[in-house]
Each structure stands twice: as structure tokens, then as C-alpha cells.
Amino acid sequence: MQFGIFSVSDITTDPTTGRTPGEGERLKAVLAIAAKAEEVGLDVFALGEHHNPPFFSSSPTTTLAYVAARTERLLLSTATTLITTNDPVKIAEDYAMLQHLADGRVDLMMGRGNTGPVYPWFGQDIRNGIPLAVENYALLHRLWREDVVDWQGRFRTPLQSFTSTPRPLDGVPPFVWHGSIRSPEIAEQAAYYGDGFFHNNIFWPISHTQQMVALYRRRFEHYGHGAADRAIVGLGGQVFMRRNSQDAKREFRPYFDNAPVYGHGPSMEDFTEQTPLTVGSPQEVIDRYAAMRDHVGDYQRQLFLIDHAGLPLGTVLDQLEILGGEVVPVLRKELAVGRPAHVPDAPTHAARVAAAGGGRDATVHGAGDDVTGASPEPAGAGDPRVTR
Amino acid sequence: MSRRIAVVSGGLRQPSSTRLLADRMAEAVERALREAGEDAVLDVVELRDHAQDLTAALLTGFATERLTSALETITTADGLVAVTPIFSGSYSGLFKNAVDVLEDGALEGMPVLMGATAGTARHSLALEHAVRPLFSYLRTITVPTAVFAATEDFGQAAGSTTGDVVPLGARIDRGARELAALVAGRPPRGAAGPRDPFALTVNFEDLLGG
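Keep in mind the model is a prediction, meaning the values are calculated, not measured. (Residues numbered from 1 in each chain as written. Chains lettered and ligands numbered in written order. Predicted model: local features only at pLDDT ≥ 70, side-chain atom pairs only at ≥ 80, totals over all residues. Heavy atoms only, no water.)

Of regular secondary structure, chain A possesses 13 helices and 12 strands. Counting only C-alpha atoms and orienting by the principal axes, one finds that chain A spans roughly 75 × 45 × 45 Å. Counting only residues that meet the buried cut, chain A has 54% of its 388 residues in that class. When contacts within chain A are restricted to residue pairs at least 6 apart in sequence, long-range pairs at least 24 apart make up 71% of them. Accessible surface for chain A amounts to roughly 16200 Å². Of this, 52% is attributable to carbon and sulfur atoms. The positive charge centre, built from 35 side chains, and the negative charge centre, built from 46, are 2 Å apart in chain A. (Helix = DSSP H or I, 4+ residues; strand = E, 2+ residues; numbered from the N terminus. Buried < 20%, exposed > 50% of the residue type's maximum accessible area, 1.4 Å probe, protein only. Contact = heavy atoms within 4.5 Å. Areas by Shrake-Rupley, 256 points an atom, 1.4 Å probe, with all protein chains shown as cover. Lys, Arg positive; Asp, Glu negative; His and termini not counted. Charge placed at Lys NZ, Arg CZ, Asp CG, Glu CD.)

Further remarks concern unusual backbone geometry. The amide bond that connects Pro53 of chain A to the next residue, Pro54 of chain A, takes the cis arrangement and shows omega of 10 degrees. For Pro54 of chain A, the position within the fold is in the loop between strand E2 (44-47) and helix H2 (60-69). Here the residue pair Ala79 of chain A and Thr80 of chain A is connected by a cis peptide bond, since its omega of 10 degrees sits within 30 degrees of zero. Notably, His264 of chain A is not glycine yet its phi reads approximately 65 degrees, a positive angle. When you line up the elements, His264 of chain A lands in the loop between helix H8 (245-258) and helix H9 (268-274). One non-glycine residue, Ser88 of chain B, adopts positive backbone phi at about 50 degrees. Note on placement: Ser88 of chain B falls in the loop between strand E3 (79-87) and strand E4 (90-91). A relative accessible area of 80% places Ser88 of chain B in the exposed class.

Turning next to empty space enclosed by the protein. Space left empty within the atom packing is revealed by a probe, the size of a water molecule, rolled over the atoms. All names here are of chain B. Per the stated rule, a full pass over the model turns up 3 cavities of 30 Å³ or more. Quantified by volume, the largest cavity comes out at close to 120 Å³. Along the walls of the largest cavity sit Val8, Leu47, Leu71, Ile74, Leu80, Ala82, Phe95, Ala98, Val99, Leu102, Leu107 and Phe135, which together make up its complete lining. Where the lining of the largest cavity is concerned, the elements lending two or more residues are helix H3 (65-75), E3 and helix H4 (93-100). Considering each element in turn, the lining of the largest cavity owes the most residues, 3 residues, to H4. Here the residues of the lining of the largest cavity are counted per class, giving 12 nonpolar, no polar and no charged. (1 Å grid on protein atoms, 1.4 Å probe; cavity = no way out; pocket = protein on both sides within 12 Å on 5 of 7 lines; lining within 4 Å. Points joined across faces, edges and corners; volume = space filled by probe spheres on them. Nonpolar A, V, L, I, M, F, W, Y, C, P; charged D, E, K, R; others polar.)

A few words now on the nonpolar core. Among the nonpolar cores identified, the biggest contains 106 residues, and Ile5, Phe45, Tyr216, Phe252, Phe304 and Leu323 of chain A are the most heavily contacted of them. Per-element accounting of this core gives the leading share, 9 residues, to helix H5 (residues 129-145) of chain A. Counting residues in each nonpolar core, the second largest holds 36 residues, with Leu71, Val99, Leu107 and Val112 of chain B among its members. (Core = buried A, V, L, I, M, F, W, Y, C linked by side-chain atoms within 4.5 Å.)

What follows covers the pattern of salt bridges. All names here are of chain A. Going through the model one piece at a time under the given rule, you end up with 32 salt bridges over all chains. For Arg332, the salt bridge goes to Asp43, with nearest N and O atoms at 3.0 Å. Note that Arg332 is positioned in helix H12 (residues 313-336) and Asp43 in the loop between helix H1 (23-39) and E2, a separation of 289 residues in sequence. Asp43 gets classed as buried once you look at its relative accessible area, which sits at 15%. Because the salt bridges share partners, they merge into one network encompassing Asp10, Arg26 and Asp307. (Salt bridge = Lys/Arg side-chain N within 4 Å of Asp/Glu carboxyl O.)

The predicted coordinates of low-pLDDT regions are not to be read in fine detail. Within chain A, residue pLDDT values average 93, and 94% of them lie at 70 or more. In this model, residues 379-388 of chain A is a region of pLDDT below 50 whose contacts with residues beyond four sequence positions or in other chains number 9 contacts. (pLDDT = per-residue confidence, 0-100.)

Across the contact, 27 residues belong to chain A and 15 residues belong to chain B. For the salt bridge of Glu103 of chain B with Arg182 of chain A, the shortest nitrogen-to-oxygen distance reads 3.1 Å. Here chain A is connected to chain B by 2 residue pairs in polar contact (both at pLDDT 80 or more). For the side of chain A that touches chain B, the secondary structure elements donating two or more residues are H5, helix H6 (184-193), helix H7 (206-222) and H9 of chain A. Looking at the side of chain A that touches chain B, the element that brings in the most residues is H6 of chain A, giving 6 residues. (Polar contact = N/O pair within 3.5 Å; in protein donor to acceptor, adjacent residues only side chain to side chain.)

Here we come to helix H2 (residues 51-60) of chain B. Working note: α-helix, 3.6 residues per turn, so residues spaced by three or four point in the same direction. Of the residues making up H2 of chain B, those classed as buried are Asp53, Leu54, Ala56, Ala57 and Thr60 of chain B. Summarising the axial view, the buried residues of H2 of chain B lie within an arc of 165 degrees, below the 170-degree limit, and thus occupy one face. Buried positions along H2 of chain B lie against H9 of chain A together with H3 and H4 of chain B. (Arc of directions from axis to C-beta.)

Looking now at the packing of H1 of chain A against H2 of chain A. Residue and element names in this part refer to chain A. In the contact formed by H1 and H2, the axes pass within 10 Å of each other and the chain directions differ by 40 degrees. Classified by the angle between their axes, H1 and H2 sit oblique to one another. The handedness of the crossing between H1 and H2 is right-handed. Here H1 contributes Leu27, Leu31 and Ala34 to the contact with H2, which in turn contributes Thr63, Tyr66 and Val67. (Axes fitted to C-alpha atoms, helices over the stretch in contact; angles between N-to-C directions. Parallel < 35°, antiparallel > 145°, perpendicular 65-115°, else oblique. Left-handed = near helix turned anticlockwise from the far one by under 90°.)

The next subject is the packing of aromatic side chains. This structure, assessed with the given rule, holds 18 aromatic pairs over all chains. Ring centres of Tyr192 of chain A and Tyr193 of chain A lie 5.0 Å apart, and the angle between their planes is 80 degrees; on these two criteria the pair is classed as edge-to-face. Grouped by ring-pair contacts, the aromatic residues Phe203, Trp204, Phe256, Tyr262 and Phe271 of chain A together with Phe62 of chain B constitute a single cluster. (Phe/Tyr/Trp six-rings, centres within 6.5 Å; stacked < 30°, edge-to-face > 60°.)

This paragraph deals with the environment of Val316 of chain A. All names here are of chain A. Considering the arrangement of structural elements, one finds Val316 in helix H12. Residues Val316 and Phe240, 76 residues apart in the sequence, show an inter-C-alpha distance of 9.2 Å. Discounting chain neighbours no more than four positions away, the residues touching Val316 are Ile33, Ile306, Asp307 and Leu311.

Residues and elements named next belong to chain A. Neither face of strand E3 (residues 75-78) is open: one carries Leu75 and Ser77, the other Leu76 and Thr78, and all of them are buried. Note that E2 and E3 share 4 bridges and pair parallel. Counted as the bridge partner of Val44 is Leu75 from E3. Handedness of the crossover joining E2 and E3 through H2 is recorded here as right-handed. (Pairing = 2+ DSSP bridges. Right-handed = clockwise from strand over helix to strand, strands pointing away.)

We now examine the pairing of E2 of chain A. Both faces of the sheet carry side chains from a regular strand, because those side chains alternate between them. All names here are of chain A. What you see with E2 is no split at all: Val44 and Ala46 on one side and Phe45 and Leu47 on the other are buried throughout. The pairing of strand E1 (residues 2-7) with E2 spans 4 bridges and is classified as parallel. The residue of E2 that forms the bridge with Phe6 is Ala46. In this region the chain leaves E1, passes through H1 and returns to the parallel neighbour E2; the handedness of that crossover is right-handed.

This is how it looks when you write it as C-alpha cells:
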């Protein structure tokens, strides 16, 4: 079981001070948060992708590469990568690149995004949301697995004899999660490929999350990837903790009441009852999240949202201390109890390389070019290929 | 056969003339169904009771359990009596909120008898200009008679604002008979159950094929 945090990368005014951080400040704060996540023993740091204010994270690979350089162990992911409006060729290249630089500590979460206007900004039409997600991912899947791709589709120019570089590290592409809140097509897509399914969970009643996960598990089995309880499931979560439950509620309430996503709507009490948001003591968080598997089955990844709604960096770092120090160690133990041996662990690069029978250098050397007439094979690497 | 009629009242006050009209219309529908040899069960949804949940649902994107259950009462009924107060020449905001949180297509094919209340008779065409187009958008089947009651309609026992219009009671009965005829002639709607929002409507291989 992997535990971690995911950030939506919002820039929100702190309602208790009226202060709004700048983009640079939030970006640097996210780096501090990621470093802290590793320090307190979490497994995953995931960062969303947005292309409009009030969000700052338009280029997750840049940020994640920097985090990779400053961490040792932390697994880096996205939450989410827009499979609809990013060119799948560029995704294939960017994340293979990141995968090499991070020594394999990379996976991706695909999503369609929640901002309609983003489509035209990147030359696409929102009415094609689902078809774009389907076609683009089908191409991305091939680009990481086939050295030379000939391809033709509906939404981008055809590819002829195209090789996406660099090739995936050790010949094993990054693991992919498909994130969806309510589109059965995306659960189906995850099941079709035998990829992971992530439900953001945080703004929804658990009954809803449960239905989507059940659909994905059923279809995972249908497509022959193994029994439904072997499917790879991730969930989002949302917590705010203080030693004393009343202190947590008092401190978080102004952030809840003014948060862009639910502020000025339901009361914090109603919302915590209806969704996974848990505001209280570490033990309350443990109780709530240990029970998640009663709804969705034994699962592989739990990510928490902790750095949004204008919470200052110091508070977020405190939350990480509590999460890593008190909550996650207990959850790890509790969720391991009674977990059937055949339920797989969360995928890691090392495990996937081992499953593929070991790593291999997947580099594709070009067949020479008109300038040098030679392949870029290093000197002394054996028979230089004669190409023309 | 037993038919379930959902009665939605968008009245804001208690007591409410909108609820009063909704009850009269519902009783008339029940009567008309019995005359057609059908049992009728009435389920009243008072939107006022769900006002805060409706606002929260618009902001958060999901309904509370209580609201979900009320919405299911409406969408799984065999027929609908819907009554709104008229404000500023149109249905009330609360009434529209309830419509806005329904799943797309949830009321498709639903027989509907519309009603409205207002302070003055000059709002009477709001049913035709605002409420009926809304129900057309929802692909429901509205009956020809729509029941409008101005405050003065409640005051005149025998008739309406002027001598040449059909009295309120008669308009209610006519609308009720029209709804009962539509409901009685159809298979029970509830039997199919509510739409499964997770049902995949296309084969994934077909999606892949573009």
C-alpha cells in the first residue's frame, strides 16, 4: 500500500489573514512540501496540471524533475495529466525523459481536466473529450511499447516510422492510472488496458466512489487481467488534523467556509459526514481511512489533499508531520491485516522491471543521417552499423 | 394497477398557496385515476424542505442522501404534478434549482401537469412562456391544460378573476383528467428503475475504432 499527497496547485487567499501567495511562492512551497513528504516517510507526491489562474502548475514534468533531483525515494506522479489536450507524442517523450532522470520513480495519472475552455487553448474541441481521451491514450500506449510506430487517427497528423525518444527506462513504460470521477468510459479504459484506476473521492459520497470502483474491478476481470480484487485502485482523501478534534475544527473552519470548491455551500459538519473530508484528531483520520477498504476493497494507493484552500506552508508541513508520524504508520498496519496474499502491491518501477524479466537498455539507434552518414553508436561498441 | 404520482411544490411560505394548489391538483389527479379504474399513490416533495441541500448540490456537484431520495421520488413516479410560484414573470429560482440538479434525461417521457401561483393574474402566461418550455427541454410530456391561480382565484369561490374564464376548480379537474389519461395508458415507469449513471452505452472497442 502506498500513501502520499496530491496537490491541485491552487493559489488561494488565506481567509484568516487575507494574504494571497504569489505563483513563485506557491511553487517553491510545493517543493518544500514534496521534500517534507519524503522526510516523514510518505511514498508518493502527485501534482495536478492546470493552464489557468488560480492554478500555477502548467508544467508538471519541470516541477517533478526538480523534485526528483532533491529526493531519493519519493515516487512522483501527476494528478492529473491532460490526455485530451496534450499531444500524446509529447507526453510519451516528456515522461520517458522524467522517468530516466528520476531513476524510474515516476508514474502518471490520466485525466480529462475540469476546465472546458482549456480545449481550444490547445487546439481541441471539448465535444470530443471522451474520443480524445480514448484515441490519445491508445497512441501513447503504443509509443511507449513499440520502437517504430506507424499511426493514423482522427485528432492529430499521422505518424510514419516515428520513434518516441528516449525509450522508456529499462524498456518498461511508466505505470498509468486513469482518473475519473463519473465517466464510466474512463473506468472502462483503465480496465481495458489493465492499468490503474484512481477515484479522486474527495468531493463525493463514498457510495458514488464505490460504484465507480466496482465498475472498474468488474471490467478489469472481464478483459482478462485477473480477478476483480487484483485490479489496481487508488483513492483520494482530504484531512485536517490537530491533536484535539475541536482545535482541528476551529482552525480549519475558515478555510472550509471560504474554499473555492465547497465554500459558502454545505456546512463543514454536513460535508465531512457526506464525503471523506475528515477534520479532527489523528485517530479520527485513522478510523475513517482504515474503513475505506470496506467500501472499495483492498486497494493500492491512498493520496491526501492537504495543501489547498489558502492553508499556509507552515500548517501544511505540520499536517505532513502528523500524517507521516502518526497516521500513515498505523494505517499501513491496519490495512495489512487480513489483506489477501493475492491482492497485488502498488506497482513500482523495480517490480514491473522484475515482472518483465529484467531491465534492458531500450535505446533505439538511428539508421544514420545525411550529415554524418553514421549511426550515433558509441565508438568501440562493436560492429559499427553500415547504413548506406 | 397502482400508479405513483409525484407532487412537487415550490412554495416558499408556510402555509403556502402554491402547496394548497398542488394539493388540490394532486387530489383531482387521484380522483381522475380512480375513475379510470387505477389506484393512485401521492408522494409530495416540498422543495422548501430541501432548499439548503439544493444550493449545496449546485456548489458541490452532489446531492445529500435526503435530497437524492427526494429526487428519486420524482424521477421514478408514473406522473408528475409540478407547481411553482411565479416570480419576475417566471418559475422561482428554487424550482429551477431542483430541475438543475436532476441527471440529464431523468424526466424523459414523464407525463406532467403544471401549475403556478402568483400575486396577480397578469403572470398567468408565465406557465406557457417559461414553465412549459422548461419541461419541453426536459423531454417530458406536458398535458394541454396548465393550472394558474392568482391570489384572487382563491378568494372567489365560484369563479375566477373575470366572468368569462373557466373557474379554477374546473381547470384543475380538466388538467387532472388529461394527466390521468396519459398515466393510465402507459406501462408503470418505476418498473424499469432509475437510469444507471454508470451504464456504458458504447463498446470500448468501438470507441477505440473512432
